[in-house]
Each structure stands twice: as C-alpha cells, then as structure tokens.
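# A look at the structure
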Amino acid sequence: MQQIQFQKIILIGAGNLATNLGMALFKAGHTINQVYSRTKESAETLAEKLHAQPTTDIGKLASNADIYIVALKDNVIASLLPALTKGREDRLFVHTAGSMPADIFKPYVKQYGVLYPMQTFSKTRLVSFEHIPCFIEANTPHTLQTIQQLASSLSDKVIELPSEKRKLLHLAAVFACNFSNLCYHLADKVLATENIPFDVMLPLIDETAQKVHDMPPAMAQTGPAIRYDRNVIDKHIDMLANMASINPNTSSSTHQLASLADFYQIASNLIHQLSTT
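A short tour of the structure in this document, coming up. (Residues numbered from 1 in each chain as written. Predicted model: local features only at pLDDT ≥ 70, side-chain atom pairs only at ≥ 80, totals over all residues. Heavy atoms only, no water.)

### What to know about helix H3 (residues 74-85)
For an α-helix, 3.6 residues make a turn, and residues three or four places apart therefore share a direction. The end-to-end C-alpha distance of H3, which contains 12 residues, comes to 17 Å, matching closely the 16 Å that a straight helix rising 1.5 Å per residue would cover. Listed in full, the buried residues belonging to H3 are Ile-77, Leu-80, Leu-81, Leu-84 and Thr-85. Summarising the axial view, the buried residues of H3 lie within an arc of 145°, below the 170-degree limit, and thus occupy one face. Among the exposed residues of H3, those oriented more than 90 degrees off its buried face are Asn-75 and Ser-79. (Helix = DSSP H or I, 4+ residues; strand = E, 2+ residues; numbered from the N terminus. Expected span 1.5 Å × (residues − 1). Buried < 20%, exposed > 50% of the residue type's maximum accessible area, 1.4 Å probe, protein only. Arc of directions from axis to C-beta.)

This is the structure:
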C-alpha cells in the first residue's frame, strides 16, 4: 500500500461506513480535521476517535480541505450537495456510494470522484481495509491519480470502475451480502421456535463461505433443492406452514413465518433451475 498523507480531510457522515473509513484513514496516517453529522452525538463520537472537530453545521465546515469525503445515505447526498459545495467549488469531493454516479457532483465542483469500498460495515465492528476492494472513479486523470493514491494507502486492491459497472457491482453485493444475511436471520427465527441457539449454524455458515474461495458458487451448492428432492422440500414447506399456524393470533411474526414457506419454495425452484442451465 502506498504511503501518502492528506493534511486536511473532512469527513461528511458518521455512520457505519464513515466510521470504518475514518478509522482506516486515521490508522494510515491521514489527518481528519472535521467530522460532519446531522446529529451531535454521532459527530462527537467519531470525531473524538479521529482527533477531529465535530460539527452539525455545514456552514462551519472549512473551505480549504484537500479532500471532502461524502459518506452519507444515497437519498441524502443530492439534497446536501448545494450547501456542502458552496464556496468549495475548486475543492476535491468524493463519495463512497455503490449505486450513486460520480457525476452527481458535476453541477457543483471542478474535481470529483468515487471511492467505493465494497464491504459490509458496522460501527461496532471495525474491519481492516487492507484487502477490501476499493473501486474508484474520477472526472479527470489528475483527480483519478489523487483518489488512487488515497485508496492505495488503505487497500492493496484498488480498481478503476465506471459508474454503470459499479451499479452492477452493488447489485451483486446485495445478493452476496444482504440477502445471505437475511437467510441467517430467517434461520435464527426458525431455530427460535424451539429455543435452539443460532450459533449451531456458524460452522455451516463458515464452511459455505469458505467453499466459494476454492470453487464457483454453482459447484458449491448442496442440499435438497439442487437434487430436487420433493419429499424433503414438501416436508420443510409443511413445517413452515405449521409454524405459522401455532399461534392463532395473526401477529407480525406469524405473517413472517407464513411468507417464509413461500420464500422456501421460490428459492428451491430457483436453485434447481440454475443447476440445470
């Protein structure tokens, strides 16, 4: 990883990604001058860790930073850009979103780009950036070089990727991460009906994830759906239907278990179809 220090970084955001990215930048030797968040507690909590100044007032952000890193929710970025960039039109702005185009900055600033670290982040679990693939984009070759240097100080996997391809990457990440975690959540709910602890699933989850390091996901697939064992599949669907009818009251959890039977059938059909193509 390259060693480069930016003397003035301003971090816009204090959520899951901003917290992990901020800590990675700080660890890499960069100076983060300010942390902005709309909530005082979030700004102060992260700023304290980064030895930075917290603020909830966009108007109090310095106008002479080397780089402004915008790590906010997609639906918030567009609404804040006019205020964020006012008086900073010649500064470098970078966002960290997977599905947001780089040129969202185009009406406001001369230098802009993207630094998208493809990983799942939580405030309470800091991750190492060393092997996280960071996908970058910029509006000029010079700006791209600057973002490349910044990203390379954090990760040894820096890849230039245009907005359209990055959106596809983000879509794939939703399947690989968010939907797989949904399945863990659903497994936890099924186990909870008989007070079985979720941690009995961890060796299975770990081995499933490890297998795709060594073989394509299609080859790693096992279970009743890929061999289309209707006997087992139908029993599982009946079990889920019975779980939904345990409580005669139509609670939200009952509705979730009922829909889980439908999800099981759809997923099983899809696994079988993909195995035959």
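After that view of the structure, there is still more to cover.
### Examining the pattern of salt bridges
All told, the structure shown has 6 salt bridges when counted by the stated rule. Salt-bridge contacts for Arg-227 lead to Asp-229; the nearest nitrogen and oxygen are separated by 3.9 Å. A relative accessible area of 54% places Arg-227 in the exposed class. Of the residues examined, Asp-229 reaches a relative accessible area of 24% and is grouped as partly exposed. A salt bridge links Asp-234 to Arg-230, with the nearest nitrogen and oxygen atoms 2.4 Å apart. Remark: Arg-230 and Asp-234 occur in helix H8 (residues 230-245); sequence separation between them is 4 residues, near one turn of the helix. (Salt bridge = Lys/Arg side-chain N within 4 Å of Asp/Glu carboxyl O.)

### Notes on a nonpolar patch on the surface
A contiguous nonpolar surface patch, about 430 Å² in accessible area, is contributed by Leu-168, Leu-171, Phe-175 and Phe-179. Relative to the helices and strands, Phe-175 is located in helix H5 (residues 163-192). (Patch = residues over 30% accessible without salt bridge, like charges linked within 9 Å, V, L, I, M, F, W, Y side chains within 5 Å. Areas by Shrake-Rupley, 256 points an atom, 1.4 Å probe, with all protein chains shown as cover.)

### Details of the pairing of strand E1 (residues 9-12)
Burial along E1 is two-sided: Ile-9 and Leu-11 and Ile-10 and Ile-12, pointing in opposite directions, are all buried. With 4 bridges connecting them, E1 and strand E2 (residues 32-36) associate as parallel partners. Counterpart to Leu-11 in the pairing with E2 is Val-35. In the classification by handedness, the crossover that spans E1, the intervening helix H1 (residues 16-27) and the parallel E2 is right-handed. With 4 bridges connecting them, E1 and strand E4 (residues 67-70) associate as parallel partners. Residue pairing for E4: Ile-10 is matched across the bridge by Tyr-68. (Pairing = 2+ DSSP bridges. Right-handed = clockwise from strand over helix to strand, strands pointing away.)

### Brief notes about the nonpolar core
Within the largest apolar cluster, 31 residues are counted, with the highest numbers of intra-cluster contacts made by Leu-11, Leu-25, Ile-32, Val-35, Ile-69, Leu-115 and Phe-129. Sorting the residues of this core by element identifies E1, H1, E2, helix H2 (40-50), E4, strand E5 (92-95), strand E7 (134-138) and helix H4 (141-152) as the ones contributing at least two each. Every residue in contact with Leu-25, bar those within four places of it in the chain, is listed here: Ile-9, His-30, Ile-32, Ile-69, Leu-150 and Leu-154. Counting residues in hydrophobic clusters, the runner-up holds 20 residues, among them Leu-72, Leu-81, Met-100 and Phe-105. (Core = buried A, V, L, I, M, F, W, Y, C linked by side-chain atoms within 4.5 Å. Contact = heavy atoms within 4.5 Å.)

### Section: the pairing of E7
Counting buried positions over the 5 residues of E7 gives 4, a clear majority of the element. Pairing analysis gives 3 bridges linking E7 to strand E8 (residues 158-160), with the strands arranged parallel. In the sheet register, Cys-134 faces E8, and the bridge partner there is Val-158. With H4 bridging E7 and its parallel neighbour E8, the resulting β-α-β unit is right-handed.

### Looking at the packing of aromatic side chains
Considering all chains together, one arrives at 6 aromatic pairs under this definition. Both rings, one in Phe-105 and one in Tyr-112, keep their centres 6.2 Å apart while their planes meet at 40°; by these two values the pair is tilted. Like Tyr-112, Phe-105 is buried. Arranged with centres 5.6 Å apart and planes meeting at 15°, the rings of Phe-121 and Phe-129 form a pair that is stacked. Judged by its relative accessible area of 4%, Phe-129 is buried. (Phe/Tyr/Trp six-rings, centres within 6.5 Å; stacked < 30°, edge-to-face > 60°.)

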